[in-house]
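Take a look at the letters that make up each chain.
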Amino acid sequence: MKKLSVIIIAILILTVSVIYIVATETSVDASSRAELQDKKSEKESCCSSDMEEVSMSELSENSLYQLNSDWTNQFGNKINLTDLRGRKQIVTMIFANCTYVCPILVNDMRRIEDRLSKEELKNVQFTLFTIDPERDTPEKLKEFAQNQNLNLSRWQLLTSSKSDIADLAALMGFRYKKENDGSYSHSNIISILNEEGELIHQQAGLSQEIEKTLNVIRNQNKQGV
Amino acid sequence: MKKLFNISFLVLLIVSIVYAKKPSEHISDMVKIPAGTYTPLYVNDTTDQSVQVDEFLIDKYPVTNQEFLEFVKKNPKWRKSNVNKLFADERYLSHWYDDLTLGENVNPDAPVTNISWFAAKAYAESLGKRLPTVAEWELAAQADESNPNGYANPKYVERILEWYSKPSTKNLPAVGSVFKNYYGVYDMHGLVWEWTADFFNALVSGESRADGGINRNLFCGTGSVGATDFTNYPAFMRFAFRSSLKANYTTESLGFRCAKDIN
């Protein structure tokens, strides 16, 4: 009798344990599946989704706008990278908490702005992409624009997902690295994109001579990098 | 009654052993790497630049030709005749016979190479994964067969250096053929170089890509580190290699594996 109850209890314990294991396993499965679904439903970056057809004429092979990524500007408005088509873009990447280098980079871009005539400025836009999407909310970017006295009819500041930012940076050869204090080390490159989003010129280094860059912007013909 | 306790204890023990052996930390073919600290190869100044790495999952093996072929079948824009040159240069998958055929000379189980960063990233994202960061990759790669910090063992470092000094071979062996490290990850050294999510974080201190400041920074830093810790030499080579990469660049000795957050 005693033996029988021992066996019964042992079987009971076994059964409960097996149920427990099976239950945890399925819940792990379910949660990892759910996670996968989440990831899938997240906006996919350039490379994981098929590119949508652009309503305008087809983008050139060399257009950075092939990335087709979604961004948010300093007013919180959503835009697609292809919306930058139509004007020459003078761009760099910054983070708003940057105290030293970024204001100089922005100032270098402003020097370019100052040298262009009103007529020339009509065909030009100044775009700053953040590399710090965690902290650079649209509000923060707007504040940065105000502190830097940027004319928001010509300037825009854009943020996106980490992955999309990395894609764009990679195409522009812009290198950056987050440091432990929350700041970023990064390249100091100003890039010029033509109306189609092709990289036509890069100016590397701070406070450089801007004549060549100006020439490229003024020249209607495409030029090599 | 005592016997009863003993038996149920025994059963519980068996159950818990079975449960513990159950690879709950393994999601299919991935292995968990516990949280740790990665110290970058070169340090600018006195500030602490070590990186805290949270626990994460990493693929046991590099991605193979066969696996990448499955991806390309489902994603026509990543076939070699379709791919945009911005995202993969002209050597992309050049060892394959054509878009959807590996060819006789390509081992399906060998790591896929001639892969760009964009292509590797797209593959990872298609599976709900991502590329490992430099810090994560380096943390996982520190381990030798028996120790999470294999770099403490000069023999391990020698072995890695020996591999670096060998010319790359056209016919790569199958994944899993080199060695399994402490965490159960295979081929971290000795098979192919691997892409990382943030390879572009190497070489950022220079004022520009054109001036000599970059190299000066690089070699200054390395000099001081190397003087105290010779074992970082292979890491320096990886650092230099990453610095030379562009995101659309492909080469026959560069492959990748995926990683994933836990939770």
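Conventions adopted
Residues numbered from 1 in each chain as written. Chains lettered and ligands numbered in written order. Predicted model: local features only at pLDDT ≥ 70, side-chain atom pairs only at ≥ 80, totals over all residues. Heavy atoms only, no water. Pairing = 2+ DSSP bridges. Helix = DSSP H or I, 4+ residues; strand = E, 2+ residues; numbered from the N terminus. Axes fitted to C-alpha atoms, helices over the stretch in contact; angles between N-to-C directions. Contact = heavy atoms within 4.5 Å. Core = buried A, V, L, I, M, F, W, Y, C linked by side-chain atoms within 4.5 Å. Buried < 20%, exposed > 50% of the residue type's maximum accessible area, 1.4 Å probe, protein only. Salt bridge = Lys/Arg side-chain N within 4 Å of Asp/Glu carboxyl O. pLDDT = per-residue confidence, 0-100. Phe/Tyr/Trp six-rings, centres within 6.5 Å; stacked < 30°, edge-to-face > 60°.

Draft legend 1. Broad picture of the sheet that holds strand S2 (residues 78-80) of chain A. Residues and elements named next belong to chain A. The seven strands are arranged S2-S1-S5-S4-S3-S8-S9 in an open sheet whose pairing can be described as mixed. Unpaired on one side and paired on the other, S2 and strand S9 (199-204) mark the two borders of the sheet. Within this sheet the neighbouring strands show an average axis-to-axis angle of 30 degrees, counted without direction. Of the strand pairs in this sheet, strand S1 (residues 70-73) and S2 are connected by three bridges, and their pairing is antiparallel. Looking at S2, one finds that Thr72 is bridged to Lys78. Relative to the sheet, helix H5 (residues 162-172) contacts S1, strand S3 (88-94), strand S4 (124-130), strand S8 (189-193) and S9, its axis offset from that of S3 by approximately 115 degrees. Where helix H6 (residues 211-218) meets the sheet, its contacts fall on S3, S4, S8 and S9, and the angle it forms with S9 comes to roughly 165 degrees.

Draft legend 2. Highlighting the nonpolar core. In this structure, B:Phe68, B:Tyr92, B:Ile115, B:Trp117, B:Trp195 and B:Phe256 are the most contacted members of the largest nonpolar core, which totals 116 residues. If we ignore the near neighbours within four places in the chain, the residues touching B:Phe68 are B:Val63, B:Tyr92, B:Leu93, B:Trp96, B:Val112, B:Ile115, B:Ala119, B:Tyr123 and B:Phe256.

Draft legend 3. Just the pattern of salt bridges, in detail. Residues and elements named next belong to chain A. According to the stated counting rule, one finds 24 salt bridges over all chains in the structure shown. A salt bridge links Glu134 to Lys162; its shortest N-O distance comes to 3.2 Å. Within this pair, whereas Glu134 is found in the loop between S4 and helix H4 (138-147), its partner Lys162 is found in helix H5, the two being separated by 28 residues in sequence. Its relative accessible area of 52% is what places Glu134 among the exposed residues. Given the relative accessible area of 55%, Lys162 is considered exposed. One connected set of salt bridges, linked through shared partners, spans Glu134, Lys162 and Lys178.

Draft legend 4. Quick look at the pairing of S9(A). Residue and element names in this part refer to chain A. Counting buried positions along S9 gives five out of six residues, so the element sits mostly inside the fold. Bridging between S8 and S9 involves five bridges; their strand directions are antiparallel. Following the sheet pairing, Ile189 is matched in S9 by Ala204. Hairpin connection, S8 to S9: the antiparallel pair is bridged by five residues, and Gly197 has positive phi, about 90 degrees.

Draft legend 5. Examining the environment of A:Pro138 more closely. Residue and element names in this part refer to chain A. Considering the arrangement of structural elements, one finds Pro138 in helix H4. On the accessibility criterion, Pro138 (18% relative accessible area) is buried. Distance in space between the C-alpha atoms of Pro138 and Asn77 is 8.7 Å, their sequence separation being 61 residues. With residues near it in sequence (within four places) discarded, Pro138 still touches Thr72, Asn73, Gln74 and Gly76.

Draft legend 6. Quick peek at unusual backbone geometry. Residues and elements named next belong to chain A. Of note in this structure, Asn68 is not a glycine but carries a positive phi near 55 degrees. Secondary-structure assignment places Asn68 in the loop between helix H1 (2-41) and S1. For Asn149, which is not glycine, the phi dihedral falls at a positive 55 degrees. Here Asn149 shows up in the loop between H4 and strand S5 (155-159). Judged by its relative accessible area of 65%, Asn149 falls in the exposed class.

Draft legend 7. Representation of helix H4 (residues 134-141) of chain B within the structure. Where burial is concerned, most of H4(B) is hidden: eight out of the eight residues are buried. Those residues of H4(B) that fall on the buried side of the exposure criterion are B:Val134, B:Ala135, B:Glu136, B:Trp137, B:Glu138, B:Leu139, B:Ala140 and B:Ala141.

Draft legend 8. Seen up close, the confidence of the model for chain A. All names here are of chain A. Scored by pLDDT, chain A comes out at a mean of 82, with 76% of its residues at no less than 70. The low-confidence segment residues 26-54 (pLDDT under 50) makes 39 contacts with residues lying over four places distant or belonging to another chain. Across residues 221-225, where pLDDT falls below 50, the model places nine contacts with residues more than four positions away in sequence or in other chains.

Draft legend 9. Representation of the packing of aromatic side chains. All names here are of chain B. As enumerated under the stated definition, the model contains 27 aromatic pairs over all chains in all. Ring plane angle 40 degrees and centroid distance 5.9 Å describe the contact between Trp163 and Trp193, whose orientation is recorded as tilted. Here Trp163 is found in helix H5 (residues 154-165), whereas its partner Trp193 is found in strand S5 (residues 193-194), with 30 residues between them in sequence. Both residues of the pair, Trp163 and Trp193, count as buried. Ring geometry for Tyr164 against Trp193: centres 4.9 Å apart, planes inclined by 15 degrees, an arrangement best described as stacked.

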